[in-house]
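Chains, contacts and geometry: an overview
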Amino acid sequence: MNTVRKLYPTLQMELPLEGLYLGHDLRSIERGDRPFVYGNFITSLDGRIAIPGGSGDLAVPGAIKNDRDWRLFQELAVQADLLFTSGRYLREYENGETQEILQVHQDPRFEDLRSWRVDRGLAPFPDLAVISKSADFPIPEALRRDDRRVYVITTRSADPEKLRELEGEAEILFAGEESVDGGEMVRELHARGYRLMYSASGPQVMRLLIASNALDRLYLTQAGRILGGAKYATIVEGGLLEPPGDFTLFALYHDPAALDGVGQLFCVYDRE
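Residues numbered from 1 in each chain as written. Predicted model: local features only at pLDDT ≥ 70, side-chain atom pairs only at ≥ 80, totals over all residues. Heavy atoms only, no water.

For the pair helix α1 (residues 67-78) and helix α3 (residues 111-119), interaxial distance at closest approach is 10 Å and the crossing angle is 10°. Regarding the angle of α1 to α3, the classification is roughly parallel. The residues of α3 that touch α1, namely those facing R71, Q74, E75, A77 and V78, are D112, L113, W116 and R117. Each residue belonging to the contact of α1 with α3 can be placed in one class, and the counts come to 4 nonpolar, 1 polar and 4 charged. (Axes fitted to C-alpha atoms, helices over the stretch in contact; angles between N-to-C directions. Helix = DSSP H or I, 4+ residues; strand = E, 2+ residues; numbered from the N terminus. Parallel < 35°, antiparallel > 145°, perpendicular 65-115°, else oblique. Contact = heavy atoms within 4.5 Å. Nonpolar A, V, L, I, M, F, W, Y, C, P; charged D, E, K, R; others polar.)

This next bit is on α3. What α3 keeps buried is the set L113, W116 and R117. Buried residues in α3, looked at end-on, bunch into an arc of 90°, giving them a common side. For α3, the exposed residues set more than 90 degrees away from the buried face come down to V118 and D119. Looking at the buried residues of α3, the elements they touch are α1. Just downstream of α3 lies G121, where phi reads positive at about 70°. (Buried < 20%, exposed > 50% of the residue type's maximum accessible area, 1.4 Å probe, protein only. Arc of directions from axis to C-beta.)

Here Q74 is to be found in helix α1. What makes Q74 buried here is its relative accessible area of 0%. Here the side chain of Q74 touches Q103 through a polar contact of 2.7 Å, landing on its backbone nitrogen. (Polar contact = N/O pair within 3.5 Å; in protein donor to acceptor, adjacent residues only side chain to side chain.)

Given two aromatic rings, their pairing is described by the distance between the two centres and the angle made by the two planes. All told, the structure shown has 9 aromatic pairs when counted by the stated rule. When the centroid spacing of 6.3 Å and the interplanar angle of 70° are considered together, the rings of Y21 and F266 count as edge-to-face. Note that Y21 is positioned in the loop between β2 (12-16) and β3 (36-43) and F266 in strand β13 (residues 264-271), a separation of 245 residues in sequence. Taking relative accessible area as the criterion, Y21 reaches 1% and is therefore assigned buried. Aromatic pair Y38 and Y219: ring centres 6.4 Å apart, planes at 75°, arrangement edge-to-face. In this pair, Y38 sits in strand β3 while Y219 sits in strand β11 (residues 217-223), placing the two residues 181 residues apart along the sequence. (Phe/Tyr/Trp six-rings, centres within 6.5 Å; stacked < 30°, edge-to-face > 60°.)

The subject of this paragraph is a nonpolar patch on the surface. A grouping of L7, Y8, L11, M13 and L249 is seen on the molecular surface, where their side chains present a nonpolar patch of about 470 Å² in accessible area. Among the secondary structure elements, Y8 is positioned in strand β1 (residues 3-8). Among the residues examined, Y8 registers a relative accessible area of 37% and is labelled partly exposed. (Patch = residues over 30% accessible without salt bridge, like charges linked within 9 Å, V, L, I, M, F, W, Y side chains within 5 Å. Areas by Shrake-Rupley, 256 points an atom, 1.4 Å probe, with all protein chains shown as cover. Salt bridge = Lys/Arg side-chain N within 4 Å of Asp/Glu carboxyl O.)

Now for the environment of T85. Mapped onto the elements of the fold, T85 is located in strand β6 (residues 82-86). Owing to a relative accessible area of 2%, T85 belongs among the buried residues under this scheme. As for T85 and Q204, which are separated by 119 residues in sequence, their C-alpha atoms are 11 Å apart. Look past the residues within four positions of T85 in its chain and what remains in contact with it is L90, I101, L128, A129, V130, I131 and S201.

All right, on to the sheet that holds strand β7 (residues 127-131) then. Each strand in a sheet pairs with its neighbour through backbone hydrogen bonds, running either in the same direction (parallel) or in the opposite one (antiparallel). In space, the 11 strands of this open sheet follow the order β2-β1-β12-β13-β11-β3-β10-β6-β7-β8-β9, with mixed pairing throughout. Looking at strand neighbours, the two that pair on one side only are β2 and β9 (171-174), the edges of this open sheet. Shown here is a sheet whose adjacent strand axes are inclined to one another by a mean of 25°, direction ignored. Where β7 and strand β8 (residues 150-154) come together, 4 bridges link them in parallel fashion. Residue pairing for β8: I131 is matched across the bridge by I153. Those strands touched by helix α2 (residues 87-94) are β6 and β7, and its axis lies near 85° from that of β6. (Pairing = 2+ DSSP bridges.)

Along any regular strand, the residues point their side chains to alternate faces of the sheet. Counted residue by residue, β8 has 5 buried out of 5 residues, so it is predominantly covered. On β8, burial covers both faces: V150, V152 and T154 on one face and Y151 and I153 on the other are all buried. Relative to β9, β8 runs parallel, the two being bridged by 4 bridges. For I153, the partnering residue across the bridge sits in β9 and is L173.

Here it is, written out as structure tokens:
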């Protein structure tokens, strides 16, 4: 069953899964003098986006990870001009512990998405913005292929020696004094021509985007499973958001075939 049900804002019993988020046509969104920033998570019913994996580090739970959600993750990534990620991702990539975020060149299932980018005259991969206070990571050569630009977003208090080690491999952008300021970061990147920015990172990046009122849309897959466990990550980390981030429902889909028939919801929220 390769269809989903649209529940909101109108009811449609059968929509193709493939192309669902491409149909949102993010590249057509015009925001005037500001970019469009969006992010994505998959979560269990009890709010777990990551639990301890085999190595003890937190990872996406195998009980909710699924190819149907991964397809839509790729549809969101392929539309972006720029991907937000973290120093942890680069360290894991260098060690062979993770893969390229956009899989259109590696996975034959996403051949149509590779053609989608080519047909629109876009570079093979979105550029990368690595958000890090420490700037303590390598920049793998493989992530800089095809003239891909890499930015390191850090603070003005970052270690100058670490930044010198990254010179020639990335462009350093300062946003904030002691911690990265999401609003300043987005403005600096927009000034360099980036219009569509996708957060493929974790709860700390999501918090700074929400706290700075920079996140425009949240794509949230809610798998119909409760996982429990005392150690886990949810979609934001840190102290209370003051004021809270307010989001309204833009679209809602039910995917009854996922997870051996348990099903999942694809929830799309826009910032108020």
